[in-house]
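# Breakdown of the fold
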Amino acid sequence: MHQSNIFVYTELSKLSAGLSTVGEQVKQNLKSQAGYFNIITPKYFSDSLIGEWEDITGQIKKYGPSIGSDGLIRANAIINTIDKMSSQECIALTNQVLSLYEKVKLEFER
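Described in the following lines is the structure provided in the data block.

## Points about the overall build of the protein chain
Scanning the protein chain from terminus to terminus reveals six helices and two strands. Over its C-alpha trace the protein chain gives a radius of gyration of 14 Å, about what one expects of a compact globule, namely 13 Å for 110 residues. For the protein chain, the C-alpha atoms occupy an extent of roughly 50 × 30 × 20 Å along the three principal directions. Expressed as a percentage of the 110 residues in the protein chain, the buried residues total 35%.

This is the structure we're talking about:
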């Protein structure tokens, strides 16, 4: 079994540092970190963790982009999905990201 790429470890650590499950800022924190969900690709994860990242990114893009009446994109799939998520869903997703980060971190501490 190979470990996750150092890129994943570094970028997930930055993503995790910007997240919190406490207070009113959970949704806003996810939105401010949205870019990480696009730049961290599944291929950089170890075989045992790739599915977890695919599950997270599937959830955070499930509503697709917001399209205005003029046909233009108003919000990308990630921002649109986060906007439609409840606080509980945002907390659960944040916990999944933080949990995955801990697993990637363990791979590097072996």
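Having seen it, we continue.
## Some points on helix H6 (residues 87-109)
Counted at 1.5 Å a residue, the expected span for H6 with its 23 residues is 33 Å, and the 33 Å between its end C-alpha atoms agrees. Along H6, the residues that are buried comprise Cys90, Leu93, Thr94, Val97, Leu100, Tyr101, Val104 and Glu107. Its buried side turned inward, H6 meets helix H1 (6-17), helix H2 (26-32), helix H3 (35-39), helix H4 (50-60) and helix H5 (77-84).

## Observations concerning H1
If you check H1, its first and last C-alpha atoms are 17 Å apart, about what 12 residues at 1.5 Å a residue would give, namely 16 Å. Along H1, the residues classified as buried are Val8, Glu11, Leu12, Leu15 and Ser16. Projected down its long axis, H1 carries its buried residues within an arc of 140°, all on one side. Against H3, H4 and H6 lie the buried residues of H1. N-capping of H1 is provided by Asn5, with a side-chain oxygen placed 2.7 Å from the backbone N of Phe7.

## What to know about the pattern of salt bridges
Counted by the stated rule, this structure contains four salt bridges. We note a salt bridge from Arg74 to Asp70, for which the minimum N-O separation is 2.5 Å.

## What about the packing of H1 against H6?
Two numbers describe how H1 lies on H6: the axes approach to 10 Å, and their chain directions differ by 140°. Relative to H6, H1 is oriented oblique. Read as a crossing pair, H1 and H6 show a hand that is left-handed. Of the residues in H6, those in contact with Ile6, Val8, Tyr9, Leu12, Ser13, Leu15 and Ser16 of H1 are Val97, Leu98, Leu100, Tyr101, Val104, Lys105 and Phe108.

## Description of the nonpolar core
One finds Leu12, Leu15, Leu30, Phe37, Phe45, Trp53 and Leu100 to be the most contacted residues of the largest nonpolar core, which totals 24 residues. Counting only elements with at least two residues in this core, the list comes to H1, H2, H3, H4, H5 and H6. When residues in this core are grouped by element, the largest group, six residues, is from H6.

What counts, and where the lines are drawn
- Residues numbered from 1 in each chain as written.
- Predicted model: local features only at pLDDT ≥ 70, side-chain atom pairs only at ≥ 80, totals over all residues.
- Heavy atoms only, no water.
- Helix = DSSP H or I, 4+ residues; strand = E, 2+ residues; numbered from the N terminus.
- Rg over C-alpha atoms; globule rule 2.2 N^0.38 Å.
- Buried < 20%, exposed > 50% of the residue type's maximum accessible area, 1.4 Å probe, protein only.
- Expected span 1.5 Å × (residues − 1).
- Contact = heavy atoms within 4.5 Å.
- Arc of directions from axis to C-beta.
- Polar contact = N/O pair within 3.5 Å; in protein donor to acceptor, adjacent residues only side chain to side chain.
- Salt bridge = Lys/Arg side-chain N within 4 Å of Asp/Glu carboxyl O.
- Axes fitted to C-alpha atoms, helices over the stretch in contact; angles between N-to-C directions.
- Parallel < 35°, antiparallel > 145°, perpendicular 65-115°, else oblique.
- Left-handed = near helix turned anticlockwise from the far one by under 90°.
- Core = buried A, V, L, I, M, F, W, Y, C linked by side-chain atoms within 4.5 Å.

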